[in-house]
Amino acid sequence: MSGKKAKSGDKKSAGYYDLKTDALDRLVNAENAPEVSDEEINKYRGKKKFSIPSTVKIVLLKFWFAGAVCYFFLWGLGLYIHGLDLLLAMAIGLGVTTDLMANKLLRSFEKEDGENDKWMMVTTRKYWSVFLNVLYAGVLLYCVFRTYFALNVLLGVDPNADISSAETMLGVEPILFGVFYLAFDMLFIKIKNTFITIFRDAGAKVRAGGR
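Predicted model, so just to flag it, every value in this text is computed and none were measured.

Moving on: the overall build of the protein chain. Helix and strand counts for the protein chain come out as six helices and zero strands. Each helix and strand of the protein chain, ordered N terminal to C terminal, gives the series α-α-α-α-α-α. The buried share of the protein chain, taken over its 211 residues, is 27%. Considering only contacts in the protein chain between residues 6 or more positions apart, those separated by 24 or more positions represent 65%. Total accessible area on the protein chain is roughly 15,600 Å²; 63% of this is exposed by carbon and sulfur atoms.

Given below as structure tokens:
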């Protein structure tokens with residue numbers, strides 16, 4: 001008796017799973033299924049309580065690294081080296097941290113490969129990219145210190161005064177340095193991206209006209 005019940009139970013479960021499999025096949029192979037918007041799908045996904053936009057993360061990241069280099073190099077090494085030697089050390093520090101740390105973190109935010117290249121001046125991932133970033137950091141550093149110089153002149157400070165000394169009305173410190181460095185960085189990257197867009201559009205028009 002128990003054997004008959006077991007056999008009948010097996011038949012019922014087999015039929016149950018066959019029915020479910022058929023329904024799943026019909027659902028997967030449906031041709032006229034209505035499209036569902038991403039907004040509708042997001043309603044059924046788990047929502048995070050708070051999410052910082054990637055643009056804010058990137059801006060804060062670049063600002064923080066610039067300010068940190070100013071703190072450790074200008075305020076730290078500034079006790080031992082001065083003048084062009086100090087500026088060279090800062091350029092190396094800024095370039096190396098940009099290449100080996102900041103840009104790697106920017107790529108970690110990417111959902112697609114190359115998505116955050118628009119936030120970098122040097123996008124190549126070769127070993128020699130660090131040298132390009134050091135040169136670029138030197139250009140930015142020059143622009144930043146010329147800005148300090150110009151502002152202090154406007155404030156009536158002696159142009160020959162040491163910009164990192166307490167004698168100037170607007171001395172170099174990490175926060176304002178980070179703001180100036182970030183501003184010039186974004187300006188030059190914007191110019192680069194604009195030229196890239198112009199050349200791409202021109203190339204696309206030439207290719208379209210040649211067809």
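Looking now at the packing of aromatic side chains. Per the counting criterion, the structure on display carries seven aromatic pairs. An angle of 90° between the planes, with centres 5.1 Å apart, marks the rings of Y71 and F72 as edge-to-face. We classify F72 as exposed; its relative accessible area is 56%. A ring pair is formed by Y148 and F180, whose centres lie 5.2 Å apart and whose planes are at 80°; its orientation type is edge-to-face. Of this pair, Y148 sits in helix α5 (residues 129-154) while F180 sits in helix α6 (residues 174-210), and the two are 32 residues apart along the sequence. The pair formed by Y148 and F180 is uniform in burial state, with each residue classed as buried. Linked through ring pairs, F145, Y148, F177, F180 and Y181 together constitute an aromatic cluster.

With 20 residues, the main nonpolar core has L94, L141, V172, F177 and Y181 as its most contacted residues. Taken together, the elements giving at least two residues each to this core come down to α3 (54-74), α4 (83-108), α5 and α6. At seven residues, the largest contribution of residues to this core is made by α5. Aside from chain neighbours lying at most four places away, what touches L141 is L87, M90, A91, L94, F177 and Y181. If you look at the next biggest cluster of nonpolar residues, it comprises seven residues, including I58, L106, W119 and M120.

This part covers the confidence of the model for the protein chain. Looking at the protein chain, pLDDT values average 81 and 70% of them are 70 or higher. Every residue in residues 2-8 scores below 50 in pLDDT, and together they form zero contacts with partners more than four places removed in sequence or on other chains.

For any two helices packed against each other, one specifies the inter-axial angle together with the distance between the axes. Closest axis-to-axis distance for the α4/α5 pair is 7 Å, and the angle between their directions is 125°. Taken together, the axis directions place α4 and α5 in an arrangement best described as oblique. As for how α4 packs across α5, the hand of that crossing is right-handed. Residues L87, M90, A91, I92, L94, G95, V96, T98, D99 and N103 of α4 lie in contact with α5, whose contacting residues are S129, V130, N133, V134, A137, G138, L141 and F145.

For α3, spanning 21 residues, the distance from its first C-alpha to its last is 30 Å, which sits close to the expected 30 Å at 1.5 Å a residue. Those residues of α3 not exposed but buried are I58, L61, K62, F65, A66, G67, A68, V69, C70 and L74.

Quick look at the side chain of N103 now. With respect to the helices, strands and loops of the structure, N103 is situated in helix α4. Those residues in contact with N103, other than ones at most four positions away along the chain, are T98, M120, V122 and N133.

Counted according to the given criterion, the structure contains two salt bridges. A salt bridge links K62 to D185; the nearest nitrogen and oxygen atoms lie 2.9 Å apart. With K62 in helix α3 and D185 in helix α6, this pair connects stretches of sequence that are 123 residues apart. For the pair K62 and D185, a shared accessibility class is recorded, and that class is buried. One salt bridge in this structure joins D113 and R125, with 3.1 Å as the shortest N-O distance. In this pair, D113 sits in the loop between α4 and α5 while R125 sits in the loop between α4 and α5, placing the two residues 12 residues apart along the sequence. No difference in accessibility class separates D113 from R125, as the two residues are exposed.

Let us look at the packing of α3 against α4. Direction vectors running N to C along α3 and α4 enclose 150°, while the axes themselves pass 10 Å from each other. When the interaxial angle is binned, α3 and α4 end up roughly antiparallel. The handedness of the crossing between α3 and α4 is right-handed. The residues of α4 that touch α3, namely those facing I58, L61, F65, A66, V69, C70, F73 and L74, are L86, A89, M90, G93, L94, T97, M101, A102, L105 and L106. A class-by-class count of the residues in the contact of α3 with α4 yields 16 nonpolar, two polar and no charged.

Here is what the cut-offs are and how they apply
- Residues numbered from 1 in each chain as written.
- Predicted model: local features only at pLDDT ≥ 70, side-chain atom pairs only at ≥ 80, totals over all residues.
- Heavy atoms only, no water.
- Helix = DSSP H or I, 4+ residues; strand = E, 2+ residues; numbered from the N terminus.
- Buried < 20%, exposed > 50% of the residue type's maximum accessible area, 1.4 Å probe, protein only.
- Contact = heavy atoms within 4.5 Å.
- Areas by Shrake-Rupley, 256 points an atom, 1.4 Å probe, with all protein chains shown as cover.
- Phe/Tyr/Trp six-rings, centres within 6.5 Å; stacked < 30°, edge-to-face > 60°.
- Core = buried A, V, L, I, M, F, W, Y, C linked by side-chain atoms within 4.5 Å.
- pLDDT = per-residue confidence, 0-100.
- Axes fitted to C-alpha atoms, helices over the stretch in contact; angles between N-to-C directions.
- Parallel < 35°, antiparallel > 145°, perpendicular 65-115°, else oblique.
- Left-handed = near helix turned anticlockwise from the far one by under 90°.
- Expected span 1.5 Å × (residues − 1).
- Salt bridge = Lys/Arg side-chain N within 4 Å of Asp/Glu carboxyl O.
- Nonpolar A, V, L, I, M, F, W, Y, C, P; charged D, E, K, R; others polar.

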